[in-house]
Amino acid sequence: MQARFVPALDRGGIAADVCAANMMGGGERMDMSDRPKANAKRLHVITWGCQMNVYDSGRMADVLAPLGYAPVDAPDDADMVILNTCHIRDRAAEKVFSELGRLRVMKQVREAAGNKMVLAVAGCVAQAEGAEIIARAPYVDIVLGPQTYHKLPEMVARAARAGGAVIDTDFPAEDKFDHLPDAAAAQGMTAFLTIQEGCDKFCSFCVVPYTRGAESSRPAAAVLAEARRLVAQGTREITLLGQNVNAWHGTGPDGAPASLGQLVRWLAEIPGLWRIRYTTSHPRDMDAALIAAHAEVPELMPYLHLPVQSGSDRILAAMNRKHTAAEYLALVDRLRAARPDLALSSDFIVGHPGETEADFQATMELVRKVRFAQAFSFKYSPRPGTPAAGAPMQVPEAEKDRRLQELQAELRLQQAEFNQSLEGQVVKVLFTNPGRRAGQIGGRTPWLQPVHAIGPESLIGQEVLVRIVTGHPNSLTGTLIEEVAPA
Ligand code: 5AD
Ligand code: SF4
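As a convention, each chain's residues are numbered from 1 in the sequence order in which they are written. Here chains are named by letter from A upward and ligands by number from 1 upward, in the order in which they appear as written. Predicted model: local features are reported for residues with pLDDT of at least 70 only, side-chain atom pairs are reported and counted for 80 or more only, and whole-chain, interface and lining totals are derived from all residues. Water and hydrogen atoms were dropped before computing side-chain values, which therefore reflect all heavy atoms in the structure.

Trainee: Looking at this model, I keep getting lost on the pairing of strand β3 (residues 41-47). Mind explaining?
Mentor: A regular strand carries its side chains on alternate faces of the sheet. Taking burial as the measure, the seven residues of β3 include five buried ones, the bulk of the element. When DSSP finds two or more bridges between a pair of strands, those strands are recorded as paired. Segments assigned H or I by DSSP are reported as helices when at least four residues long, segments assigned E as strands when at least two residues long, and all are numbered from the N terminus. As judged from the three bridges shared by β3 and strand β4 (residues 69-71), these two strands associate in the parallel manner. Paired with Leu43 across the two strands is Pro71, which belongs to β4. Here the term right-handed applies to a crossover when the path leading from its first strand over the helix to its second strand runs clockwise, the strands being oriented away from the viewer. At this point the chain moves from β3, through helix α1 (residues 51-64), to the parallel β4, and the crossover so formed is right-handed. Note that β3 and strand β5 (residues 80-85) share five bridges and pair parallel. In the sheet register, His44 faces β5, and the bridge partner there is Val81. Note on exposure labels: buried denotes an accessible area under 20% of the residue type's maximum, exposed denotes more than 50%, and partly exposed covers the range between, all computed with a 1.4 Å probe on protein chains only.

Trainee: Looking at this model, I keep getting lost on the pattern of salt bridges. Mind explaining?
Mentor: Any two side chains of opposite charge can pair if their charged atoms end up close together. We define a salt bridge as a contact between a side-chain nitrogen of Lys or Arg and a carboxyl oxygen of Asp or Glu at a distance within 4 Å. Inspection of the entire model under this criterion finds 31 salt bridges. When the shortest N-O distance is used, the salt bridge between Glu99 and Arg102 registers 2.5 Å. In this pair, Glu99 and Arg102 both sit in helix α2 (residues 92-112), three residues apart, roughly one turn of the helix. Overall, Glu99 belongs to the buried group, its relative accessible area being 13%. One salt-bridge network, held together by shared partners, links Glu355, Glu357, Glu399, Arg402, Arg403 and Glu406.

Trainee: Would you take a moment to explain the state of the cysteines for this structure?
Mentor: Criterion for a disulfide: a pair of cysteine sulfur atoms within 2.5 Å. Taken as a whole and judged by the stated rule, the model has zero disulfides. In this structure Cys86 is not part of a disulfide, and its nearest cysteine sulfur, from Cys50, lies 6.3 Å away.

In short, shape yes, function no, at least from these values alone.
This is how it looks when you write it as structure tokens:
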């Protein structure tokens, strides 16, 4: 299961641009680091895709910092530009090539002035189409897949020496996390922490098992050490990331096997860590320990992104999802029994090859039964090399459009209903940023809705009780009740 997609972000030198579906809200800012010093080399990273890519972009900046690279906001004057790409849905490669065309001009301008611009393409498009990138854009200096970021410094040096592109899209035997420096830049109040990568599920439509490789977990000790460092730097909320995050497994100090439920309990013991989230999960990996953690660990937020993709057993089988609609519904019941206020989110694909109107209506029925607090829905788009791309009975585009509109109308309704259900309630909001309007501050509910309230900026970084006044389609407004002393 992929991590969630993020919208256009501008994060002080790390810009991300993608898709409307998001769990982070638009336009959030995160300071990557100090402004570059006068003699520092300038690094600009453009990030597409999921939070795992955002996290990876931060780690690439970390690994390049010892070489004197510091993040800058724009590519024009950068000594190095990294495109951290995403291959999950349509036209990913085209977007990369059009961005490369723009950067080529900047690179030429810099070269004419006697300066260099190292151009690197990283991420899943690099993994899937490395050779094509070099063929179509020979001015690219470095192509590196998601598993080789720790080799960036060496690749930069080789590119400087060699002239000609340096490519590394291996799935090396060593773990890149063992070779990356400790995450250096403070991530702010809310931070991501990758604990798992890759996928062995091979859903019919999905490129992730091919671009991100086999499922692997970071050791518990490394995860806990990084979490402690983040909290020491001021982080109060950590979102654990993985393409299949709930497939995480490791061992405890006593050598006993542990799953994500146990890891969450260990994390919850870190003083100062108030909120824990994880994304993205596969229904088959929701084990009893994780469900129990939802019931028993107050720091684990009552929100779960649990993609179902379809409500038709026929299509779920064609998708190789290895669960039925009834199994998904039963799982939702167990989760809600454990944590009655759990808000659910999901991913849906309409128009998978072979999907009939009856199959689509089964999806609509599942949606009406579950009632989602938010969801992300996509038209099926063939990804070269995946089984569904070559399958017969592709659904016509116009039909996909119609189904997507019908589904999204229902999902919008459910989201609005959820937001309105909070009106009048008093909820704990973690304030993280100034609001858009003067005097406002912004934060998130435990169920991840953005909240705006009139309040002093001194409350940023605190959890505060807020009475929700209005549930809007995509956010909430409220009034402060009282200040809550940090735990
Ligand atoms: N076409 C459409 N949507 C896709 N997704 C993944 N691959 C495809 C594809 N080929 C969606 C799935 C996944 C989300 C991150 O992207 O719903 O859960
Ligand atoms: Fe998720 Fe399936 Fe893709 Fe794996 S193959 S990342 S489970 S959608």
